[in-house]
Structure formats: C-alpha cells, structure tokens
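Chain by chain, the residues:
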Amino acid sequence: MNEPEPTATNKSTLHIGDMVEATGLSHRTIRHYDEVGLLPASTRSEGGFRLYTESDLQRMLVIRSMKPLGFTLEEMGELLDTVDILDAEPGNKTARVKLDEYTERAITKRNKLALNLERAESFIADLHTK
C-alpha cells in the first residue's frame, strides 16, 4: 500500500520552523543541509516551502549529534547512508563494519572533548583561586 504524499495540511509534515524548534539548529543551517544534499526536504508545499517528515527530523537529530564531534558533511552523509542500508538489510556486513567504525570514531572524539572539558574546568577553577 502506498503512503500518501506529504502535503502542507498533512499532520505528519513539518515546516522548517518546526525543524528549528525541534532541533535547535538555525534556519540557515537546515537550509544549508538541504542545499548540499545532506538532508533535502522530503517535499515542498504548493507555495514552495520546505516540508519535512518525522524521518527527516530523526535524521537531522543524528546530524546535530555528529556536528560537535567534528564530522564532515561528507561523513555525515556516509553515516546516514550506512544507517539506511542497515535498516533495509540488517545483515549487511559491509554496512555493519562501517557503522562500527563510525561508532569507534565517535567514542574517540567524545573522549577528546571530555578531556578538553576537564582541562577547561580545571583552568576556570585555577582562575577562581587567583
């Protein structure tokens, strides 16, 4: 059975302002992700406004999580593609290896951020003792 095309009146669609509110990202950032093809709007309203689905929102939240870890737009796209492959083919070994690699890289990046945060907190504490 085919799902109905999202429309401006379909409750399952979100306008860009809804995406801004749900993600905390700016209009400009979301438009940029659309323009570079990382997360294009699923459809457009009759007036030409970008419309997003709940699935788009979930993908945007993944992108938002990758951003502070320093992943490039290309890497974000590759990870989203990998997740899509695993959703369609859970046993895909190549995609599983790729996801595991991203997981390890994310852990390494998180650990580096945690260390930097610890150093910043120590620095601030030192300043308060002066």
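Residues numbered from 1 in each chain as written. Predicted model: local features only at pLDDT ≥ 70, side-chain atom pairs only at ≥ 80, totals over all residues. Heavy atoms only, no water.

Draft legend 1. Quick look at the sheet that holds strand β3 (residues 50-53). Spatial strand order, β1-β3-β2: three strands in an open sheet with antiparallel pairing. Each of the sheet's edge strands pairs with one partner strand only, and the pair in question is β1 (13-15) and β2 (43-44). Here β1 runs beside β3; their pairing, made up of three bridges, is antiparallel. Its bridge partner lying in β3, Leu 14 is registered against Tyr 52. (Pairing = 2+ DSSP bridges. Helix = DSSP H or I, 4+ residues; strand = E, 2+ residues; numbered from the N terminus.)

Draft legend 2. Molecular detail of the packing of helix α4 (residues 73-88) against helix α5 (residues 93-128). Where α4 meets α5, the axes come as close as 9 Å, and the angle between the chain directions of the two elements is 135 degrees. It follows that α4 is oblique to α5 by the angle criterion. You can see that α4 and α5 cross each other, and the crossing is left-handed. Two secondary-structure elements touch here, α4 through Glu 75, Glu 78, Leu 79, Thr 82, Val 83, Ile 85 and Leu 86 and α5 through Ala 95, Arg 96, Lys 98, Leu 99, Tyr 102 and Arg 105. (Axes fitted to C-alpha atoms, helices over the stretch in contact; angles between N-to-C directions. Parallel < 35°, antiparallel > 145°, perpendicular 65-115°, else oblique. Left-handed = near helix turned anticlockwise from the far one by under 90°. Contact = heavy atoms within 4.5 Å.)

Draft legend 3. Region of interest: the UniProt feature "domain: HTH merR-type" (unreviewed entry) in the protein chain. Under the UniProt annotation, the feature "domain: HTH merR-type" (unreviewed entry) is placed at residues 13-82. Annotated as 57% helix and 13% strand, the span residues 13-82 places its first and last C-alpha atoms 24 Å apart. (UniProt positions renumbered as here; feature names shortened; annotations may be inferred.)

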